[in-house]
Amino acid sequence: MKQLLSIIALVLAIATGALAHGGNDHVRGTVTQVSAQSVTVQLADKTTKTLSISAKTAFETSGKPGHLSDVKVGDRVIIDVPEKGTSALLIKVGATPKK
């Protein structure tokens, strides 16, 4: 019985994590360029990815609401992007890079 409860708890934990992801990808890296229209990030594999910024893009700095002006070259960021998309939904500044 304990084993069954453990399996159910594990399945629920995995399902919750999948739903929390919300169908978004995460781009992690260091900002190499930023403008009013886009942000370019160098990824861990040294490739770069440019994502567009729109009026719908939200910003977060150290867990608090932020602004585009908070994003600087050299900042470590995590950017939420729709799966297979190129528009930034949320840019989190001050993020620890994925190892």
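This text goes with the structure placed above it.
Residues numbered from 1 in each chain as written. Predicted model: local features only at pLDDT ≥ 70, side-chain atom pairs only at ≥ 80, totals over all residues. Heavy atoms only, no water.

## Description of the overall build of the protein
Scanning the protein for helices and strands turns up one helix and seven strands. If you list the helices and strands of the protein from N to C, you get α-β-β-β-β-β-β-β. Out of the 99 residues in the protein, the part that is buried amounts to 24%. If you take every contact in the protein between residues at least 6 apart in sequence, the share linking residues at least 24 apart comes to 48%. Approximately 6800 Å² of the protein is accessible, and the part contributed by carbon and sulfur atoms is 59%. (Helix = DSSP H or I, 4+ residues; strand = E, 2+ residues; numbered from the N terminus. Buried < 20%, exposed > 50% of the residue type's maximum accessible area, 1.4 Å probe, protein only. Contact = heavy atoms within 4.5 Å. Areas by Shrake-Rupley, 256 points an atom, 1.4 Å probe, with all protein chains shown as cover.)

## Describing the environment of Thr61
Inspection of the secondary structure puts Thr61 in strand β4 (residues 58-61). With relative accessibility at 24%, the residue Thr61 sits in the partly exposed group. Sequence-wise, Thr61 and Val93 are 32 residues apart; in three dimensions their C-alpha atoms are separated by 4.9 Å.

## Quick word on unusual backbone geometry
Negative phi values dominate among residues other than glycine, just as trans dominates among peptide bonds. Even without a glycine there, the phi angle at Ser62 is positive, about 50°. Take Ser62: it is sitting in the loop between β4 and β5 (64-65). Even without a glycine there, the phi angle at Lys84 is positive, about 60°. As for its position among the elements, Lys84 is in the loop between β6 (76-82) and β7 (90-93).

## Looking at the nonpolar core
Core analysis: the largest hydrophobic core is formed by 14 residues, its most contacted members being Val39, Leu51, Val71, Val77, Ile79 and Ile91. Mapped by element, the contributors of at least two residues to this core are β1 (24-34), β2 (38-42), β6 and β7. Examining the composition of this core, we find that three residues originate from one element, β6, more than from any other. Residues within four places of Leu51 in sequence aside, it is in contact with Val27, Gln37, Ser38, Val39, Ile79, Val81, Thr86 and Ala88. (Core = buried A, V, L, I, M, F, W, Y, C linked by side-chain atoms within 4.5 Å.)

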